[in-house]
Amino acid sequence: PKTTEKDLKKAKALEIKGSDQAYETDGALRWKDDLQQKASEVFLKHQQAAPNLRKHVYGTVSSQGAGQGEEAELGGLFRVSRPEKSKTNLADAADCSRFHPDSLHNWDLEEMLHSIADCFVTGKWEEWQDAATLLKQDE
Amino acid sequence: MTSHGLEYEGCNFFRQRLVLSTLSGKRVRIKGIRSRDDNPGLRDFEASFIRLLDKVTNGTKIEINQTGTVLFYQPGLLLGGTIEHDCNPQRSIGYYLEGLLMLAAFMKTPLKATLKGVTNDPTDPSVDLLKTTALPLLKQFGIDGDGLEMKVVKRGMAPGGGGEVIFSCPIRRTLRPVQLTEPGKIKRIRGIAYSVRVSPQMANRIVDSARSVINKFIPDIYIYTDHLKGANSGKSPGFGLVLAAETQKGFFLSAELSSAPQGQGPTILPEDLGKNCAKLLLEEIHRGGCVDSTNQSLALLFMTLGQQDVSKVLLGPLSPHTVEFLRHIRDFFQIMFKMEAKPPLEDERKGGEKVLMTCVGVGFSNISKVTK
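What you see is a predicted model, and the numbers here were worked out from it, not measured in a lab. (Residues numbered from 1 in each chain as written. Chains lettered and ligands numbered in written order. Predicted model: local features only at pLDDT ≥ 70, side-chain atom pairs only at ≥ 80, totals over all residues. Heavy atoms only, no water.)

### What to know about the overall build of chain A
Per the secondary structure count, chain A includes seven helices and two strands. Mapped from its N terminus to its C terminus, chain A presents α and β elements in the order α-α-α-α-β-β-α-α-α. Residues counted as buried form 18% of the 139 residues belonging to chain A. Accessible area of chain A: about 11100 Å², with a carbon and sulfur share of 55%. (Helix = DSSP H or I, 4+ residues; strand = E, 2+ residues; numbered from the N terminus. Buried < 20%, exposed > 50% of the residue type's maximum accessible area, 1.4 Å probe, protein only. Areas by Shrake-Rupley, 256 points an atom, 1.4 Å probe, with all protein chains shown as cover.)

In structure tokens:
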């Protein structure tokens, strides 16, 4: 979350800068208009994506029960049989173990490549494992 | 908890329900299977999976209603032995193997299964992927030895199939609890680029483009090319790539991509397939953990069935399939995991948030295993 806060500030700064220049190039800087809003949306989304894990897995799903009572009746006789999109989607979706996240990272960016650099033996090692520091200690 | 045992709705998570039912001995009733669909009821591949379970067990009772929307399953005893099964080509053999991998160690006699059907398709984990990732995971829990083998005899791409796979697995009385908390660093990347009924040059083009992406990280990369011909190449053309990153501690993170089945979906250039697959591998490394996203459920199941001791496994973000699996484990075995989120440290460049899963095993023991 720390980086997103930074992003927020950055977005704010950008917006202020953008409004200064907007006098000269009106329209061209449209994309900057809702930068702050976009940034805060991303921030909130990130917050919601990481709730208490235990609650997420084992918690009671109350939204499902709420949806059941809302079945519309026509003239008190007929029940509208409309497939509830979200419910049927989950219960009758394909049974597959593959993990398809909503969005993938952009691996063409240098920063993204940077973010996993230490997962490899070629990356930076922890101090107690690092060959250079271990050698130094031996001397 | 009526006389029907556990009750569920819908066709999703079909395999985990039946597998957990078989292991726990609890009966299960699944209703409302595609009941709102234009074509309601069980599909052929699900029926094929049930028949496979019936083959490896004895005394299994299965009742399906006329429309196929309600299934009652009363598990029998796991028997094992040598079996042969024609896996319905709507799903690849990986779909069936994932179920067998969960059950194989608890048979009465060691399982030797010959499975025929589709070896690679874009939906399910392929046989090659399970071979490189699931088998090492089994070894972590003490299921190893000469008898553990998975072999692609004939490759068969979707939709035609015509492939053949041999899977054999030794049996164990109990599973060993594990402490897989430190993944270690990735020391090498291996892969298989396969092609059947297309130019053998396809595989080489895949290899080159995949290398161009991952070469920035590590020099130790070797991607085998596997071009099967004639009777061993199945009925449909296609190509694909499986990549696996191995850490110093012997853990595997994997990714794969397969060309769309002939006549379905857009065609993809082998160069794009190679690049995209390499990026999927980077995504998987970013998720990280000691077990990759495909095998999360398998690891969690073996932790649950372990001896009555603490097991810990570090995982990447839990996939929706895994989250549901955890709920099912609670239903069938009354085990709840402790989950600790491990956000990445400020100056660490090791990808995203990880989750440390902890549980005490139920002390499952394979009573039908013959002692010599």
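### Looking at the sheet that holds strand β18 (residues 354-360) of chain B
Residue and element names in this part refer to chain B. The four strands lie next to each other as β11-β16-β18-β17, forming an open sheet whose pairing is mixed. Both outer strands of the open sheet, β11 (179-180) and β17 (338-342), are each paired with one neighbouring strand and no more. Here β11 runs beside strand β16 (residues 310-315); their pairing, made up of two bridges, is parallel. If you follow L180 over to β16, its bridge partner there is V313. (Pairing = 2+ DSSP bridges.)

### Digging into empty space enclosed by the protein
This structure, assessed with the given rule, holds two cavities of 30 Å³ or more. When its volume is computed, the largest cavity comes out at roughly 150 Å³. What lines the largest cavity is a set of 14 residues, among which S97 of chain A together with E98, M102, S297 and H321 of chain B lie closest to the centre. Mapped by element, the contributors of at least two residues to the lining of the largest cavity are α1 (14-24), α3 (93-103) and α7 (296-305) of chain B. Here the lining of the largest cavity is built from residues that sort into four nonpolar, seven polar and three charged. (1 Å grid on protein atoms, 1.4 Å probe; cavity = no way out; pocket = protein on both sides within 12 Å on 5 of 7 lines; lining within 4 Å. Points joined across faces, edges and corners; volume = space filled by probe spheres on them. Nonpolar A, V, L, I, M, F, W, Y, C, P; charged D, E, K, R; others polar.)

### Observations concerning the pattern of salt bridges
Enumeration over the complete set of coordinates arrives at 24 salt bridges over all chains. Its salt-bridge partner being E63 of chain B, residue K61 of chain B comes within 4.0 Å of it at the nearest N-O pair. For K61 of chain B, a relative accessible area of 42% translates into the label partly exposed. What makes E63 of chain B partly exposed here is its relative accessible area of 42%. Of the charged contacts in the structure, one is a salt bridge between R188 of chain B and E246 of chain B, with a shortest N-O distance of 2.9 Å. Taken together, the positions of R188 of chain B in strand β12 (residues 186-196) and E246 of chain B in strand β14 (residues 238-247) put the pair 58 residues apart, joining distant regions of the chain. Three or more residues joined by partner-sharing salt bridges are found here, namely D95 of chain A together with R15 and E98 of chain B. (Salt bridge = Lys/Arg side-chain N within 4 Å of Asp/Glu carboxyl O.)

### Details of the packing of aromatic side chains
Inspection of the entire model under this criterion finds 11 aromatic pairs over all chains. Here the aromatic rings of F49 of chain B and Y95 of chain B are separated by 5.8 Å at their centres, their planes lie at 70°, and the arrangement is edge-to-face. With F49 of chain B in helix α2 (residues 44-56) and Y95 of chain B in helix α3, this residue pair connects regions lying 46 residues apart in the sequence. When sorted by exposure, F49 of chain B lands in the same class as Y95 of chain B, which is buried. On the numbers, 5.1 Å between centres and 80° between planes, the contact of Y95 of chain B with Y96 of chain B is edge-to-face. Here Y95 of chain B and Y96 of chain B have matching classes, each one buried. Above the plane of the ring of F45 of chain B lies R91 of chain B, whose end atom (NZ or CZ) is 5.2 Å from the centre. The ring of W125 of chain A carries the charged tip of K185 of chain B above its face, separated from the ring centre by 5.3 Å. (Phe/Tyr/Trp six-rings, centres within 6.5 Å; stacked < 30°, edge-to-face > 60°. Lys NZ or Arg CZ within 6 Å of the ring centre and 35° of its normal.)

### Some thoughts on the packing of α7 of chain B against helix α8 (residues 320-333) of chain B
Residues and elements named next belong to chain B. Following both chains from N to C, one finds α7 and α8 inclined at 20°, their axes separated by 9 Å at the closest point. With respect to their mutual orientation, α7 and α8 come out roughly parallel. Viewed along their axes, α7 and α8 form a crossing whose handedness is right-handed. Only H321, T322, F325, L326, I329 and F333 of α8 make contact with α7, whose side of the interface consists of Q296, S297, L300, L301, T304 and L305. (Axes fitted to C-alpha atoms, helices over the stretch in contact; angles between N-to-C directions. Parallel < 35°, antiparallel > 145°, perpendicular 65-115°, else oblique. Left-handed = near helix turned anticlockwise from the far one by under 90°. Contact = heavy atoms within 4.5 Å.)

### Some points on the nonpolar core
Core analysis: the largest hydrophobic core is formed by 86 residues, its most contacted members being L18, L23, F167, F337 and M357 of chain B. A per-element tally of this core places α3 of chain B first, with eight residues. Shared between two domains, this core holds at least three residues of each, these being domain 1 (6-174) and domain 3 (291-360) of chain B. In this structure, M357 of chain B is in contact with L300, M303, S311, K312, V313, L315, L318, L326, F337, K338 and M339 of chain B, ignoring residues within four places of it in sequence. In this structure, I116 and F120 of chain A together with M202 and L241 of chain B belong to the second largest nonpolar core, which totals 32 residues. (Core = buried A, V, L, I, M, F, W, Y, C linked by side-chain atoms within 4.5 Å. Domains from an automatic or database assignment.)

### Here we look at α7 of chain B
Residues and elements named next belong to chain B. In terms of burial, α7 is largely enclosed, as 10 of its 10 residues are buried. All buried positions along α7 are accounted for by Q296, S297, L298, A299, L300, L301, F302, M303, T304 and L305. Residues of α7 that are buried make contact with α1, α3, α4 (127-140), β16, α8 and β18.

### Describing the side chain of S21 of chain B
Within the secondary structure, S21 of chain B is located in helix α1. When near neighbours in sequence (up to four residues on either side) are disregarded, S21 of chain B contacts K26, R27, V28, Y73, P75 and F332 of chain B.

### Here's the deal with the interface of chain A and chain B
Counting residues at the interface gives 39 residues for chain A, matched by 60 residues for chain B. Overall, the association of chain A and chain B removes approximately 4700 Å² of surface from exposure, summing both partners, and the carbon and sulfur fraction of that is 55%. Together, Y58, D95 and F99 of chain A form the three largest contributors to the area buried by chain A at its contact with chain B, with a combined 18%. Viewed at the interface, chain B and chain A are joined by five salt bridges. Taken together, chain A and chain B are joined by 30 residue pairs in polar contact (both at pLDDT 80 or more). Ranked by residue count, the leading element in the side of chain A that touches chain B is helix α3 (residues 53-58) of chain A, at five residues. Of the residues assigned to the side of chain A that touches chain B, the class counts are 21 nonpolar, seven polar and 11 charged. (Buried area = accessible area lost by both parts, 1.4 Å probe. Polar contact = N/O pair within 3.5 Å; in protein donor to acceptor, adjacent residues only side chain to side chain.)

### Here's the deal with the environment of G274 of chain B
All names here are of chain B. Residue placement: G274 occurs in helix α6 (residues 270-287). In the structure, G274 is positioned 16 residues away from S258 in sequence and 9.7 Å away in space, judged by C-alpha atoms. If sequence neighbours within four positions are ignored, G274 has contacts with I206, S209, A210 and L241.

Everything listed here is a matter of coordinates, which is why it stays silent on function.
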